[in-house]
Amino acid sequence: MLHIAMIGCGAIGVGVLELLESDPHLCVDAVIVPEASQPLVRQRLGGLRNPPRVLSELPAGVRPDLLVECAGHRAIEEHVLPALTQGIPCLVVSVGALSEPGLVERLEAAAEFGGTRIELLPGAIGGIDALSAAKVGGLESVRYTGRKPARAWLGTPGEQVCDLEHLEEARVIFEGSAREAARLYPKNANVAATLSLAGLGLDRTQVRLIADPESCENVHQVEASGAFGGFELTLRGKPLAANPKTSALTVFSVVRALGNHAHVISI
Ligand SMILES: NC(=O)C1=CN([C@@H]2O[C@H](COP(=O)(O)OP(=O)(O)OC[C@H]3O[C@@H](n4cnc5c(N)ncnc54)[C@H](OP(=O)(O)O)[C@@H]3O)[C@@H](O)[C@H]2O)C=CC1
Ligand SMILES: O=C([O-])CC(=O)C(=O)O
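Residues numbered from 1 in each chain as written. Chains lettered and ligands numbered in written order. Predicted model: local features only at pLDDT ≥ 70, side-chain atom pairs only at ≥ 80, totals over all residues. Heavy atoms only, no water.

Take the overall build of the chain next. Scanning the chain for helices and strands turns up nine helices and 13 strands. The C-alpha atoms of the chain give a radius of gyration of 19 Å, which matches the 18 Å a tight globule of 267 residues would have. For the chain, the spread of C-alpha atoms along the principal axes amounts to about 50 × 45 × 35 Å. The buried share of the chain, reckoned over its 267 residues, is 48%. Sequence separation of at least 24 residues holds for 70% of the intrachain contacts in the chain that already meet a minimum separation of 6. One way to put it: in the chain the 23 positive side-chain charges average out to a point 1 Å from where the 30 negative ones average out. (Helix = DSSP H or I, 4+ residues; strand = E, 2+ residues; numbered from the N terminus. Rg over C-alpha atoms; globule rule 2.2 N^0.38 Å. Buried < 20%, exposed > 50% of the residue type's maximum accessible area, 1.4 Å probe, protein only. Contact = heavy atoms within 4.5 Å. Lys, Arg positive; Asp, Glu negative; His and termini not counted. Charge placed at Lys NZ, Arg CZ, Asp CG, Glu CD.)

Attention now moves to the site of ligand 2. Taken together, 13 residues are adjacent to ligand 2, and Lys148, Asn188, Val191, His220 and Ser247 come closest. In the environment of ligand 2, an oxygen atom lies 2.8 Å from a nitrogen or oxygen atom belonging to the side chain of His220. Within the backbone of Ser247, one N or O atom sits 2.6 Å away from an oxygen atom of ligand 2. In isolation ligand 2 offers 270 Å² of accessible surface; the protein chains occlude 95% of this area. Mapping ligand 2 onto the cavity grids shows that it belongs to the largest pocket. Element by element, the count of residues in the shell around ligand 2 is highest for strand S13 (residues 243–247), at three residues. Here the shell around ligand 2 is composed, by residue class, of three nonpolar, seven polar and three charged. (Near = heavy atom within 4 Å. Polar contact = N/O pair within 3.5 Å; in protein donor to acceptor, adjacent residues only side chain to side chain. Areas by Shrake-Rupley, 256 points an atom, 1.4 Å probe, with all protein chains shown as cover. 1 Å grid on protein atoms, 1.4 Å probe; cavity = no way out; pocket = protein on both sides within 12 Å on 5 of 7 lines; lining within 4 Å. Sits in = over half its atoms within 2 Å of the grid points. Nonpolar A, V, L, I, M, F, W, Y, C, P; charged D, E, K, R; others polar.)

Here we take up the nonpolar core. By size, the foremost hydrophobic cluster in this structure holds 31 residues, and its most contacted members are Val16, Val31, Leu45 and Leu258. At the level of secondary structure, the elements contributing two or more residues to this core comprise strand S1 (2–7), helix H1 (11–20), strand S2 (26–32), strand S4 (66–69) and helix H9 (248–262). Among the nonpolar cores identified, the runner-up in size contains 30 residues, and Cys162, Leu164, Ala198 and Ala224 belong to it. (Core = buried A, V, L, I, M, F, W, Y, C linked by side-chain atoms within 4.5 Å.)

When the UniProt feature table is mapped to this numbering, "domain: Aspartate dehydrogenase" (unreviewed entry) covers residues 168–255. The annotated region residues 168–255 carries 27% helix and 45% strand content, and the separation between its end C-alpha atoms amounts to 37 Å. (UniProt positions renumbered as here; feature names shortened; annotations may be inferred.)

Here we take up the domain arrangement of the chain. Domains assigned within the chain are domain 1 (2–120) and domain 2 (128–243). With centres defined by C-alpha atoms, the gap from domain 1 to domain 2 works out at 26 Å. Across the boundary between the two partners, domain 1 contributes 11 residues, which contact 12 residues of domain 2. Summed over both partners, the interface of domain 1 with domain 2 comes to about 730 Å²; 70% of that surface belongs to carbon and sulfur atoms. (Domains from an automatic or database assignment. Buried area = accessible area lost by both parts, 1.4 Å probe.)

What follows deals with the site of ligand 1. Inspection of the region around ligand 1 gives 27 residues, with Ser37, Val93, Ser94, Ala124 and Thr246 positioned closest. At 2.8 Å from a nitrogen atom of ligand 1 is found a main-chain nitrogen or oxygen belonging to Val93. Within the backbone of Ala124, a nitrogen or oxygen atom sits 2.8 Å from an oxygen atom of ligand 1. Across the complex, the protein chains shield 79% of the 930 Å² of accessible surface that ligand 1 would expose by itself. Of all the secondary-structure elements, those providing two or more residues to the shell around ligand 1 are H1, helix H3 (73–85) and S13. With five residues, H3 is the single largest residue contributor to the shell around ligand 1. For the shell around ligand 1, the per-class residue count stands at 13 nonpolar, 12 polar and two charged.

The next point concerns the UniProt feature "active site" (unreviewed entry) in the chain. UniProt tags His220 as "active site" (unreviewed entry). Topologically, His220 is positioned in strand S10 (residues 218–226). A polar contact is formed between the side chain of His220 and the side chain of Tyr144, at a distance of 2.7 Å.

So, about the pairing of strand S11 (residues 229–237). A regular strand places its side chains so that they alternate between the two faces of the sheet. When S10 meets S11, the two strands line up antiparallel, connected through nine bridges. Looking at S11, one finds that Ser225 is bridged to Gly230. With antiparallel pairing between neighbouring strands as the criterion, S10 and S11 make up a hairpin whose turn holds two residues. (Pairing = 2+ DSSP bridges.)

This is how it looks when you write it as structure tokens:
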């Protein structure tokens, strides 16, 4: 049985906990969330057979087998870096945070110090295995298009490009490098950052973001070419009811990754 601590308990976290209830090899003992949201989180988890403890940080001396981050960019600094330093292996979904200059190097240094590893999860996107294998032979180009319902872009610079509430047809709201996408759209930059880290890096990965009033899915398209040949991927992600900015596949990606640590065959 693997003992897990989870950082964050929102749309992804709750979905993961519900699915893990039926896996006898994995047990989430604690979820770490800000003090202010603890009563709400305890209420959300009330329906689970064995709800985890809800805490603001890992108690001194407690050492889970794995720590999984499902919280957001700030949590990398607050929880993942210290856990790595203590030798706790970490799985991370907020991969967009790694676009911040210097953070990859700091995570590497913390993991080396602790003698452990950090695993970046594919989350809402697929094909990361193929892309990073293709990189070994040499990649020429990687283009990513992210299309989401118009309202999913509220609160982003897309609001300055068009009237998202009254959009009548699909509109490109951003075109540029993954680095620029991460700077302008940090909350939507996880997929772009993941593709960049697996492939050609933040400066050479081209990104296009589209607000589409007709769409009710988060559609991720990737076109890559290189010495291996080429691939085109379209992933039509269903948004989570609890957070339409997040695709349901992200929950399944976390459950898969945790299962791969606990089960004898990993795939
Ligand atoms: N790789 C990928 O493809 C994807 C990655 N993501 C990443 O996953 C993150 C979580 O997504 P989702 O579950 O939908 O978001 P939610 O907003 O539904 O939930 C976030 C949870 O994390 C908690 N939290 C926030 N900051 C911290 C912190 N510093 N320390 C501890 N807990 C914290 C929140 O608490 P509170 O309510 O108090 O803020 C809340 O419980 C996103 O922010 C995004 O970065 C999301 C989608 C796809
Ligand atoms: O589709 C999702 O779940 C989230 C997304 O686009 C991103 O963060 O890049």
